[in-house]
Amino acid sequence: MGRHNAFTFPFTFFRQPAAQVIPELQSYGFTGINLALNYHASRDFLLRQGPALEYLADGFHYYQPNHDLYPEGAVTPHPKDTLLDNQLLDGVMHEANVRNFEVNAWAVFMHNSALGYQYPKLTVTNCFGNHFLSELCPSSREISGYISGLSADLCSRGITSLAMESLHFHGAHHGEHHERFFLEMGEITAFLFSLCFCPSCIANFSGDGAALKEKVATLLQPFLAEADPWLDVALTQENLANIVGEELLLYLSAREQTVAERYREVGAIAARFGVRTKFVDQSPLISGSAGAPLAKSWQVGINNALIDSIVDIYEPLIYRTSAREVSEIARHLRGELTSDITAILRPTFPDNSSEESLTAKVKALREHSITDIDFYLLDAMRPRDLSWISRALTS
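For clarity, every value in this text was computed on a predicted model and none was experimentally measured.

Caption draft 1: Expanded view of the pairing of strand S8 (residues 131–136). Of the strand pairs in this sheet, strand S7 (residues 123–125) and S8 are connected by three bridges, and their pairing is antiparallel. Of the residues in S8, the one forming a bridge with Val-124 is Phe-132. With antiparallel pairing between neighbouring strands as the criterion, S7 and S8 make up a hairpin whose turn holds five residues, including Gly-129 at a positive phi of roughly 85°.

Okay, here's the thing in structure tokens:
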């Protein structure tokens, strides 16, 4: 049957005690939850809370952090970005232990405006010196310390697995509130515009990072003055090398090594606590990923050969409307990865509109020996969605 976790916001447990929620989920076939304990800002229409529009605070920690687990010099959560106590988390963990129910910590690592506004010099910084305040840079020592401290803190809570989301770089367009770019921008330009040239990234590069930064800034001048010269040029490493030079590919390789080192550090911490690591793989959401999403991972600093050798589980967001597309991605993942795979499906709009569709997707995954399937997002599901999940898992 496999493991089946519901991605869950803490708001579910603000409204209902764990002693009610967990038995309900078990009745639908869930074996655990991926509980958001560190999350980014969003506005969500949540059904289990009302219905209600809920505004999630950016970079919020839904527990009381243990600052003793953060290394010296690390950035730490501000008190305003945490709960006052651990009552919610302790209650969930207690009931889960009683009922043999998994609790996995779900954390969004580098997408954190709360820390970004506090420490702008530690955010992704482009060739013009613009700070992407919603994106922490994993290259900096202080942010590396935050990653380690956050991981140790969560792993010390008795969780089964640590689901790591956004532990990498991001693109230029990442859903900021009322985001505005009144310039038409192709994939190449967007990538170069958002490429980090902070002091830490430059220091991690064995070549002349400062000169490369200036070169990229110069190459973007026609875009700023007239129009994007690469508007219809596909974002590939070959095209980047032709436009910028081979040194850019070496720079990208250096940041992949940096990201992989962060995963090694988290993996070592998790192992000390007996916790498994899950890489929440966002590559299927990258533009143009189609049926071979791992080929796009380099755009966010992920080298799959490295990450696959470090983490215990790859957990891709397989957000597709048809079973055929789900099957294509599953085949691709099986051909590229050696890690265990857990798929994430959405039983809701915009991916799903019927029980038959969801059942077909579950069947497609199982045909590729992917039996561990998680579902996103419990707080936004109708009762019918839970019933669809239950019947799809038992079909």
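Caption draft 2: Unusual backbone geometry, seen in detail. Residue Phe-349 is joined to Pro-350 through a cis peptide bond whose omega torsion reads 5°. Within the secondary structure layout, Pro-350 lies in the loop between strand S12 (340–345) and helix H14 (355–367). Cis geometry is adopted by the peptide bond preceding Leu-377, which originates at Tyr-376 and carries an omega value of 10°. Tracing the backbone through its elements, the reader meets Leu-377 in the loop between strand S13 (372–375) and helix H15 (383–394). In the Ramachandran plot, Ser-166 falls in the positive-phi region, its phi being about 60° despite a non-glycine side chain. With a phi angle near 45°, Ala-290 is a residue other than glycine that sits in the positive phi range.

Caption draft 3: Region of the structure containing the pattern of salt bridges. Applying the stated rule across the entire model yields 15 salt bridges. Glu-261 is paired through a salt bridge with Arg-264; the nearest N and O atoms lie 3.1 Å apart. Taken together, the residues span about one helical turn, with Glu-261 and Arg-264 both in helix H11 (residues 246–272) at a distance of three residues. For Arg-264, a relative accessible area of 34% puts it in the partly exposed group. Of the charged contacts in the structure, one is a salt bridge between Asp-385 and Arg-384, with a shortest N-O distance of 3.2 Å. Beyond isolated ion pairs, a larger network of salt bridges with shared partners links Lys-278, Glu-315 and Asp-374.

Calculation rules
Residues numbered from 1 in each chain as written. Predicted model: local features only at pLDDT ≥ 70, side-chain atom pairs only at ≥ 80, totals over all residues. Heavy atoms only, no water. Pairing = 2+ DSSP bridges. Helix = DSSP H or I, 4+ residues; strand = E, 2+ residues; numbered from the N terminus. Salt bridge = Lys/Arg side-chain N within 4 Å of Asp/Glu carboxyl O. Buried < 20%, exposed > 50% of the residue type's maximum accessible area, 1.4 Å probe, protein only.

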